Amino acid sequence: MLALDLGVFNRKSHKIPVREAAIWSTVWISLALLFDLFVLLNFGRTKALEFLTGYVIEYSLSVDNIFVFILIFSFFSVKDEYQHKILFWGILGALIMRAIFIFTGVALINRFHWIVIIFGCFLVFTGIRMLTHKDIKVDPEKNMIVRFFRKFLPVSETLHEDKFFIKQNGRLYATPLFLVLLVIESSDLIFAVDSIPAILAISKDTLIVFSSNVFAIMGLRSLYFAVAGIMGLFRYLKVGLAVVLTFVGLKMLGEYFNFEIPIILSLMTIVSILLVSILTSVLIKKN
């Protein structure tokens, strides 16, 4: 699907209109639901509910990525038509990084069960921090990865269409667009630290954890182009995400002490929190 996306449907860099993004968002969500049906038929109701709950958590948490993407693209003045390519390669890198995180996390929990206490406490702490923190600030010039990269390869002063690298006077240069990709990748690494423990609170099955992550991340790009212009309307969504993180953190801690919340109840609770935060954002007008 990724190969079709970039190699067939988006071979030429162009601005993604909202209608096209909405159609692709529907496609990705439909594929996730079809995969959930496959899980239901082959692995049973519990695994299917775990996948759906994990998918809802990861997809909703990915909305927080969109806030950061907007700030990064604004900082570097990246044109709309080049954003799709950056997000494509960014998501490809995210899939690899999250695979490493997930397999490591599951292996640690299976080997050292007490580590769920650390994951649980971390999620509760992250949820509380998200509630109390102000607006996110992005300063790519202070990004450690960007600063490290500049020491090894010169960066051109201006963009060169959608190219990541160019040759000038026989010397290889990275373009500012490649720096944007590095910042996107490093920001997703930070988000993965929050989201992977959240999904591990729902399931310890590697297939369920990774596949729900994959489908959520694959739909992130089209979701960005569909809602980037109206993100300001959902000002209470961040509160909802903070409550979700706190809830799954407490669920993880409860499991360690043999207090398990049924997966269907977890799914209903998470969906309810998100719906309330969205409705509150729509109904309560900003002063």
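Residues numbered from 1 in each chain as written. Predicted model: local features only at pLDDT ≥ 70, side-chain atom pairs only at ≥ 80, totals over all residues. Heavy atoms only, no water.

Visitor: Any chance you could explain helix H11 (residues 263-283) here in plain terms?
Guide: Along an α-helix, residues three or four apart share an orientation, since each turn contains 3.6 residues. The end-to-end C-alpha distance of H11 is 30 Å, a good match for the 30 Å that 21 residues give at a rise of 1.5 Å each. Within H11, the full set of buried residues consists of Ile263, Ser266, Leu267, Ile270, Ile273, Leu274, Ser277 and Ser281. All buried residues of H11 lie within an arc of 135° about the axis, which places them on one face of the element. Away from its buried face by more than 90 degrees, H11 exposes Val276, Leu279, Val282 and Leu283. (Helix = DSSP H or I, 4+ residues; strand = E, 2+ residues; numbered from the N terminus. Expected span 1.5 Å × (residues − 1). Buried < 20%, exposed > 50% of the residue type's maximum accessible area, 1.4 Å probe, protein only. Arc of directions from axis to C-beta.)

Visitor: I tried to follow helix H10 (residues 237-256) on my own but got confused; where do I start?
Guide: For H10, which comprises 20 residues, the first-to-last C-alpha distance of 29 Å matches the rise-based estimate of 28 Å (1.5 Å per residue) to within 8%. Most of H10 is tucked away, with 15 of its 20 residues classed as buried.

Visitor: Would you mind going over the pairing of strand E2 (residues 171-174) with me for this structure?
Guide: Across a regular strand the side chains alternate sides, sitting on one face of the sheet and then on the other. Of the pairings in the sheet, the one linking strand E1 (residues 165-168) to E2 comprises four bridges and is antiparallel in character. Within E2, the position partnered with lysine 167 by the bridge is leucine 172. Following E1, the chain reverses through two residues before pairing antiparallel with E2; asparagine 169 in that reversal takes a positive phi of roughly 55°. (Pairing = 2+ DSSP bridges.)

Visitor: What am I meant to see in the side chain of serine 60 here?
Guide: Relative to the assigned elements, serine 60 resides in helix H3 (residues 45-76). At a separation of 2.9 Å, a polar atom in the side chain of serine 60 contacts the main-chain carbonyl oxygen of isoleucine 57. (Polar contact = N/O pair within 3.5 Å; in protein donor to acceptor, adjacent residues only side chain to side chain.)

Visitor: I'm lost on the packing of helix H2 (residues 18-43) against helix H9 (residues 220-227) in this one. Help?
Guide: Between two packed helices, what matters for the description is the angle formed by their axes and the separation of those axes. Axis separation between H2 and H9 bottoms out at 8 Å; the angle between their running directions is 145°. Every pair of crossing elements has a handedness; the one defined by H2 and H9 is left-handed. Across the interface between the two elements, Val18, Ala21, Ala22, Trp24, Ser25 and Trp28 from H2 touch Arg221, Ser222, Leu223, Phe225 and Ala226 from H9. Class assignment for the residues of the contact of H2 with H9 results in eight nonpolar, two polar and one charged. (Axes fitted to C-alpha atoms, helices over the stretch in contact; angles between N-to-C directions. Left-handed = near helix turned anticlockwise from the far one by under 90°. Contact = heavy atoms within 4.5 Å. Nonpolar A, V, L, I, M, F, W, Y, C, P; charged D, E, K, R; others polar.)

Visitor: Help me understand a nonpolar patch on the surface in this model?
Guide: Taken together, the side chains of Leu131, Tyr236, Val239, Val243, Val271, Leu275, Ile278, Leu279, Val282, Leu283 and Ile284 define a hydrophobic patch exposed on the protein surface, amounting to about 920 Å² of accessible area. Within the residue set of the nonpolar patch, elements represented by two or more residues are H10 and H11. At six residues, the largest contribution of residues to the nonpolar patch is made by H11. Mapped onto the fold, tyrosine 236 is located in the loop between H9 and H10. In this structure tyrosine 236 comes out as partly exposed when scored by relative accessible area, which is 30%. (Patch = residues over 30% accessible without salt bridge, like charges linked within 9 Å, V, L, I, M, F, W, Y side chains within 5 Å. Areas by Shrake-Rupley, 256 points an atom, 1.4 Å probe, with all protein chains shown as cover. Salt bridge = Lys/Arg side-chain N within 4 Å of Asp/Glu carboxyl O.)

Visitor: I keep staring at the packing of helix H4 (residues 80-111) against H9 and nothing clicks. Help me out?
Guide: Packing of H4 against H9 leaves a shortest axis separation of 9 Å and a crossing angle of 150°. By the criterion of interaxial angle, the relationship of H4 to H9 is roughly antiparallel. Crossing geometry of H4 relative to H9 is assigned as right-handed. For the pair H4 and H9, the contacting residues are Asp80, Gln83, His84, Leu87, Phe88 and Ile91 in the first and Leu220, Arg221, Tyr224 and Phe225 in the second. Residues belonging to the contact of H4 with H9 are distributed by class as follows: six nonpolar, two polar and two charged. (Parallel < 35°, antiparallel > 145°, perpendicular 65-115°, else oblique.)

Visitor: Quick question: what am I supposed to make of the confidence of the model for the protein chain here?
Guide: Caution is warranted with low-pLDDT regions, since their predicted coordinates should not be read in detail. Across the protein chain, pLDDT averages 80, with 86% of residues at or above 70. Of all secondary-structure elements in the protein chain, the lowest mean pLDDT belongs to helix H1 (residues 2-9), at 66, while H2 reaches the highest, 90. (pLDDT = per-residue confidence, 0-100.)

Visitor: How do you make sense of the packing of aromatic side chains when you look at a structure like this?
Guide: When we look at a pair of aromatic rings, we describe it by the centre distance and by the angle of the planes. Here the structure, examined in full by the defined rule, presents 12 aromatic pairs. Centroid distance phenylalanine 35 to phenylalanine 51: 5.3 Å. Interplanar angle 55°. Geometry classified as tilted. Here the residue phenylalanine 35 occupies a position in helix H2, and phenylalanine 51 occupies one in helix H3, the gap between them amounting to 16 residues. Measuring from centroid to centroid gives 6.1 Å for phenylalanine 164 and phenylalanine 178, while their planes differ by 70°, and the two rings are edge-to-face. Taken together, the positions of phenylalanine 164 in the loop between helix H6 (144-150) and E1 and phenylalanine 178 in helix H7 (residues 176-200) put the pair 14 residues apart, joining distant regions of the chain. The cationic tip of arginine 171 hangs over the ring face of tyrosine 173; the distance from NZ or CZ to the ring centre is 5.8 Å. (Phe/Tyr/Trp six-rings, centres within 6.5 Å; stacked < 30°, edge-to-face > 60°. Lys NZ or Arg CZ within 6 Å of the ring centre and 35° of its normal.)

Visitor: What am I meant to see in the pattern of salt bridges here?
Guide: Counted according to the given criterion, the structure contains three salt bridges. Two residues, lysine 47 and aspartate 205, come together in a salt bridge whose shortest N-O distance is 3.1 Å. Here the residue lysine 47 occupies a position in helix H3, and aspartate 205 occupies one in the loop between H7 and helix H8 (206-218), the gap between them amounting to 158 residues. Its relative accessible area of 25% is what places aspartate 205 among the partly exposed residues. Between glutamate 58 and arginine 98 there is a salt bridge, with its nearest N and O atoms 3.5 Å apart. Taken together, the residues span a long stretch of sequence, with glutamate 58 in helix H3 and arginine 98 in helix H4 at a distance of 40 residues. Assigned by exposure class, glutamate 58 and arginine 98 land together as buried. Connected via shared salt-bridge partners are Lys47, Glu50 and Asp205.

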